[in-house]
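# A structural walkthrough
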Amino acid sequence: MEKANITKSDVEKIAHLARIELDEAEKEKFTRNFENILAFVNELQNVDTSGVEEISQIAGLKNVWREDEAGKSLSNEEALKNAPASEKGYFKVKEIL
Amino acid sequence: MKLNELTIKEASYKLQNGEITSVELTKACLDQIEKLDQKVEAFLEVYSEEAIESAKESDKRREMGVSNGPLDGIPYALKDVFATPNHVTSAASKILENYQAPYEATTVQRLRKAGAIILGRTNTDEFTMGSSTETSHFQTTKNPWDLSRVPGGSSGGSAAAVAARMALFSIGTDTGGSIRQPAALCGIVGIKPTYGRVSRFGEFPMASSLDQTGPFAQTVEDTSLVLQTIAGHDDYDSTSIATPVPDYTKSINKNITDLRVGIPKEFFGEGVSSKTEELVHAAIEQLREKGAHIVEVSLPNIKYALAVYYVLAPAEVSSNLARYDGIHYGYSATTDKSQDPKNLYEDYSQSRKFGFGDEVKRRVMLGTYVLSAGYYDAYYKKAQKVRSLLKQDFDNAFKEVDCLVTPTSPTPAFKIGEKSENPLEMYKSDILTISINLVGIPGMSIPCGFENNLPVGMQILGNQLGEEILFKVGSLYQAVTEWHLAKPDIIQD
């Protein structure tokens, strides 16, 4: 089994992309976990897939269309019902920059 | 006979001829929950009053000569991942601890219209990621056959509820074995239908190309009655299959003469306990005695299934769980008085830090990695190609046979804590079920014996939309065996 080369800085980069803050202990733990799991999935590199198409829809369905008509949807009130913070009918967020 | 121990078929018959009422039946289930659930911890919440009210309405309908079908008045338990109006649906996650969906899942709606009585929501691994219910934020469900062991997962709460006779049936979801494995470990029947057979609308998604809803019950026939009710096309799920749902009752207790049963050799041997193998082989022998032709088949690429799954499922997870951002709904660091995010970025990253548990973080990050620039071709695209090879293997096998029979789980229930610190070992407990989701075919687990007083399940697999074959083989097997009649000691006294 090929050893996967994952460093703590890789984990930091992934955590940033996934928007999950990690403490130091978590970074160490996930680095070890990913080394093991990726070493395991790396066996896929040994499979000959030349000329094989990737599967996208397992049930064999193609484009599924419907009429372009407005149906019922959530009201503004319902959509905001679970929002941690809202104002004047909008979701409220922290400053972006 | 206690009412909560009846099968759906028996209870439905007694309701119809007026021997019992739905209120009596529902109370018997609620009493059983009251009596045992402190030990088993199958339920996250029980809706006692509402259940009794619904049961009264069902009884009223019957008095007036109206019935909504075989599930009218039958109490069931629902995995905590289906949008249910006026109730919390949490996916056993802190991030959705107080979330009330403003819409109703199609499965919940179809069961409600059929008159089934919802008893409450059951425990699961967080966002269905796990094989033991141990990743639930709230509690670990115990196996009714041995309280020191796991019930399997992720639908462990639903499986334990039926095994402990707290509900006549229950609903679970299966992305890599999450119905079949707990059914096996709890000694009951569970079916994962063909991908697209049951609508996924309102089922909180884990991996959208793999997820499928299905029932647990004591008997194969009971699962057929539930699937009949929840299956079928839904405008709200464009991946649901339009093919009409056949009448499954026609597949129950029919003969299987000349049916071709395939035994895929890769599902036996290394890693599978010898007693489990012995019991499954004995079951196959019984099918042969009933006239089935037994054929050995080979699925050469099956050894890659687990690796394919642990690329594709995390990739879909990372995308699906992006919606939990601390802004639209759920736990938010901004409104948590003990946190102080400075800006939007910190609100996202802290809401997800404190809202998600370890296994969810692990899979979201793993998925983010395999989809990231530079790794997409090597991991995601490669895995989708090997998935095609797996599909070809199964397509070839189904040219030779009508169904496949294998063990469901490599071992009976393991101890609580035994695998929770080692993710890869935990992932391997799904090694016999996981490929079935990758190729979208239906699979069922049925009790076929005991190993050290713990239930063992055999898995029956059909081709796409081959549910009728599963019901045929499964119901015939239960007609000639009694494994499904055994009950855990905990409910005897």
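Residues numbered from 1 in each chain as written. Chains lettered and ligands numbered in written order. Predicted model: local features only at pLDDT ≥ 70, side-chain atom pairs only at ≥ 80, totals over all residues. Heavy atoms only, no water.

### Observations regarding the interface of chain B and chain A
Put simply, the test is: What makes two residues a contact is simply this: any of their non-hydrogen atoms within 4.5 Å. The term buried area refers to how much accessible surface (probe radius 1.4 Å) is lost by two components on association, counted for both of them together. Every case where a carboxyl oxygen of Asp or Glu lies within 4 Å of a side-chain nitrogen of Lys or Arg is listed as a salt bridge. Identification of polar contacts relies on pairs of N or O atoms within 3.5 Å, with a donor-acceptor requirement for protein atoms, meaning one able to donate a hydrogen and the other able to accept it, and with residues adjacent in sequence counted only if both atoms are side-chain atoms. Under the scheme used here, helices are H or I runs from DSSP no shorter than 4 residues and strands are E runs no shorter than 2 residues, and both carry numbers assigned from the N terminus. Any residue outside Ala, Val, Leu, Ile, Met, Phe, Trp, Tyr, Cys, Pro, Asp, Glu, Lys and Arg is labelled polar, Gly included; the first ten of those are nonpolar and the last four are charged.
Facing the 67 residues of chain B at the interface are 49 residues of chain A. Each partner contributes to the roughly 5400 Å² buried at the junction of chain B and chain A, and carbon and sulfur atoms together form 67% of this total. A salt bridge links K353 of chain B to D23 of chain A, with the shortest nitrogen-to-oxygen separation between them at 3.8 Å. Summed over the shared surface of chain B and chain A, the result is 19 residue pairs in polar contact (both at pLDDT 80 or more). The element best represented in the side of chain B that touches chain A is helix α12 (residues 377-400) of chain B, accounting for 12 residues. Per-class residue counts for the side of chain B that touches chain A are 32 nonpolar, 21 polar and 14 charged.

### Overview of the pattern of salt bridges
Threshold: Accessibility here uses a 1.4 Å probe with only protein chains present; expressed as a share of the type maximum, an area under 20% marks a residue as buried, one over 50% as exposed, and anything in between as partly exposed.
Within the structure shown, the criterion is met by 28 salt bridges over all chains. Put simply, K361 of chain B and E26 of chain A hold a salt bridge, and the shortest N to O gap is 2.9 Å. Of this pair, K361 of chain B sits in helix α11 (residues 358-371) while E26 of chain A sits in helix α2 (residues 24-41), placing the two residues on different chains. The pair formed by K361 of chain B and E26 of chain A is uniform in burial state, with each residue classed as buried. The closest approach of N and O atoms between E359 of chain B and R363 of chain B, which form a salt bridge, is 2.8 Å. Here E359 of chain B and its partner R363 of chain B are both found in helix α11, 4 residues apart, which amounts to about one turn of the helix.

### Some words on the sheet that holds strand β3 (residues 117-122) of chain B
All names here are of chain B. Stated formally: Only strands joined by at least two bridges in the DSSP assignment are considered to pair. Geometry is summarised by axes, namely lines fitted to C-alpha atoms with helices restricted to the contacting stretch, and by angles between N-to-C directions that run from 0 to 180 degrees.
Strand order in the open sheet formed by 11 strands is β1-β3-β2-β4-β6-β5-β10-β11-β9-β7-β8, and the pairing between neighbours is mixed. The open sheet is flanked by β1 (43-46) and β8 (293-297), the only strands paired with a single partner. Ignoring strand direction, the axes of neighbouring strands in this sheet form an average angle of 30°.

### Quick word on a nonpolar patch on the surface
Using the following cut-off: Patch membership requires over 30% relative accessible area and the absence of a salt bridge. Like charges are linked within 9 Å, and nonpolar side chains (Val, Leu, Ile, Met, Phe, Trp, Tyr) within 5 Å. Residue exposure ignores everything except the shown protein chains as possible cover, and the areas themselves are Shrake-Rupley values with a 1.4 Å probe.
A cluster of nonpolar side chains, contributed by V93, I96 and L97 of chain A, occupies part of the molecular surface with about 370 Å² of accessible area. Checked against the element boundaries, I96 of chain A lands in the segment after β2 (90-91).

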